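Spelled out, the chains give:
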Amino acid sequence: MKTGRIDVSELPGGLDLQATLESGQSYLWRRADGRMYDSDEQSGGDAWYETVVRLDGDRVRLDTGDPTVVRVRQRDGALEWESTTDADWVVRSLLRLEDDLPAIRAATPDDSLLERAYDRYWGMRLVRDPPFGTLISFICSAQMRVSRIHDMQLALAEAFGDTVTADGRTYQVFPTPDRLAAATESELRDLGLGYRAPYVQRTAEMVAAGDAHPDEARGRSYEDAREHLTQFVGVGEKVADCVLLFSLDFLEAVPLDTWIRTTIEEYYPDCERDSYAETSRAIRKRLGGEYAGYAQTYVFHHLRNES
DNA sequence: TAGATACCTTATAG
DNA sequence: ACTATAAGGTATC
């Protein structure tokens, strides 16, 4: 495997790799020691994380291109990586290392909750995951615990994904749209997906048939893009926001999940409205607009770890 | 068009 | 041990 190092001190705002990958944004990375989401926050300070992406020219996609293993760990002031290809740009893209965290924080309002969250997890970045895997994993996220969502993606990869070998180790690749489209509802239920099984199968079928692709939300205005993604089965406004934020570069997206709704009740009651769309507008404005999704992610991780 | 309800499965609380 | 409850919601009526 090829290797490389990225000096963390050169990244604007640094990096907290563990917070980035264990904050419930991405379900497509795995911790090599298998201890993802162990409650002990210190235990994974320099753990290796690994994923497999498909590279298509200069873009990271999950449904086309050759499977590429990417491993990263943060140690001694550096982000170390290993990969089956020359992956410096891939790592920078997947972990959004170009984001200027101080500038993003400066664009959010002075607010004691946000200050606490940003201070505690400073260096946490949003991820830029492949669209199809993000779409499927967040369809699976409905009424699920974070650790179980993660386990479900692993189960999908083991049951329907290709394998790739590097340095004598075998890695499971997230399934392609074809393979998931060919799965039966009962096969998916056997993996524990429950009522999400037909959603996953039918959405995969839409993508495999070429009827739609989550990438097509790019280039639209934020609210149009969110509406566009709800055409997929099992995708409502909340899941659409997750795909926009964690995959498609819409940093203003604020997924209104149970945590954020509770937060709004408690800290921003004036932002409560009677519809998702209106509440979304109000809270996005309150969290600073353009980078509201960053604020949301820090607050989500902060509050989730307190209880 | 808004509002209530069913839905799979599992971990955790009581 | 056993039951109730909730988990990063959505589709359907």
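Computed from a prediction, not measured in an experiment: that's the story for all the values here.

K.L.:
With reference to specific residues and values, describe the overall build of chain A.
P.N.:
Scanning chain A for helices and strands turns up 14 helices and eight strands. Taking 19 Å as the expected radius of gyration for a compact globule of 307 residues, we find that chain A reaches 19 Å, a close match to that expectation. Considering only C-alpha atoms, chain A reaches an extent of 50 × 45 × 35 Å along its principal axes. By the burial criterion, 57% of the 307 residues in chain A qualify as buried. In the form shown here, chain A has an accessible surface area of approximately 12,800 Å², with 42% of it arising from carbon and sulfur atoms.

K.L.:
Break down the protein's contact with DNA strand C for me, with residues and values.
P.N.:
Not every one of the 26 residues close to DNA strand C is listed here, only the nearest: Gly24, Arg145, Val146, Asp257 and Gln296. The sugar and phosphate moieties of DNA strand C supply 53% of its atoms located within 4 Å of the protein. Contact between DNA strand C and Gly236: a phosphate oxygen at 2.8 Å from a main-chain N or O atom of the residue. Secondary structure elements with two or more residues in the surface near DNA strand C: helix H11 (237-246), helix H12 (258-267) and helix H14 (292-306). Broken down by element, the residue count for the surface near DNA strand C peaks at three residues, all from H11. In the surface near DNA strand C, the residues fall into 13 nonpolar, nine polar and four charged.

K.L.:
Before we move on, can you summarise the protein's contact with DNA strand B with the specific residues and values?
P.N.:
Lining the immediate environment of DNA strand B, one finds Arg145, Arg148, Arg189, Gly192, Gly194, Tyr195 and Arg196. Atoms of DNA strand B within 4 Å of the protein: sugar and phosphate make up 56%, bases the balance. Interatomic distance of 3.1 Å between a backbone N/O atom of Tyr195 and a sugar or linking oxygen of DNA strand B. Between DNA strand B and Arg196, the relevant distance is 2.7 Å, taken from a base oxygen to a side-chain nitrogen or oxygen of the residue. Grouping the amino acids of the surface near DNA strand B by side-chain chemistry returns one nonpolar, two polar and four charged.

K.L.:
Break down the pairing of strand E7 (residues 163-166) for me, citing the residues and quoting the values.
P.N.:
Side chains of E7 alternate between two faces, with Val164 and Ala166 buried and Thr163 and Thr165 left unburied. As paired strands, E7 and strand E8 (residues 169-172) are joined by four bridges and run antiparallel to one another. Across the sheet, residue Thr163 finds its bridge partner in E8, namely Gln172. The turn linking E7 back onto E8 is made up of two residues, and Asp167 within it adopts a positive phi angle of 50°.

K.L.:
Tell me what's going on with the pattern of salt bridges, and back it up with residues and numbers.
P.N.:
This structure, assessed with the given rule, holds 25 salt bridges. A salt bridge links Glu50 to Arg169, with the nearest nitrogen and oxygen atoms 3.0 Å apart. One end of the pair, Glu50, is in strand E3 (residues 49-56); the other, Arg169, is in strand E8, with 119 residues separating them in the sequence. A salt bridge links Arg105 to Glu115, with the shortest nitrogen-to-oxygen separation between them at 2.9 Å. Separated by 10 residues along the polypeptide, Arg105 in helix H3 (residues 101-106) and Glu115 in helix H4 (residues 112-120) bring together distant segments of the chain. The buried category is assigned to Arg105, whose relative accessible area is 18%. Overall, Glu115 belongs to the partly exposed group, its relative accessible area being 28%. By sharing partners, the salt bridges in this structure join Arg59, Arg96, Glu98, Asp99, Arg128, Asp215, Arg218 and Asp249 into a single network.

K.L.:
Quick rundown of the pairing of strand E6 (residues 78-83)? Include the residues and the values.
P.N.:
Among the six residues that make up E6, six are buried, leaving the element largely enclosed by the rest of the structure. Here E6 shows a buried face lined by Ala78, Glu80 and Glu82 and a second buried face lined by Leu79, Trp81 and Ser83. Pairing of strand E1 (residues 2-7) with E6, which is carried by six bridges, proceeds in the antiparallel orientation. Residue pairing across strands places Gly4 opposite Trp81, the latter belonging to E6. Examined bridge by bridge, strand E5 (residues 66-75) and E6 share six bridges and lie antiparallel to one another.

Calculation notes
Residues numbered from 1 in each chain as written. Chains lettered and ligands numbered in written order. Predicted model: local features only at pLDDT ≥ 70, side-chain atom pairs only at ≥ 80, totals over all residues. Heavy atoms only, no water. Helix = DSSP H or I, 4+ residues; strand = E, 2+ residues; numbered from the N terminus. Rg over C-alpha atoms; globule rule 2.2 N^0.38 Å. Buried < 20%, exposed > 50% of the residue type's maximum accessible area, 1.4 Å probe, protein only. Areas by Shrake-Rupley, 256 points an atom, 1.4 Å probe, with all protein chains shown as cover. Near = heavy atom within 4 Å. Polar contact = N/O pair within 3.5 Å; in protein donor to acceptor, adjacent residues only side chain to side chain. Nonpolar A, V, L, I, M, F, W, Y, C, P; charged D, E, K, R; others polar. Pairing = 2+ DSSP bridges. Salt bridge = Lys/Arg side-chain N within 4 Å of Asp/Glu carboxyl O.

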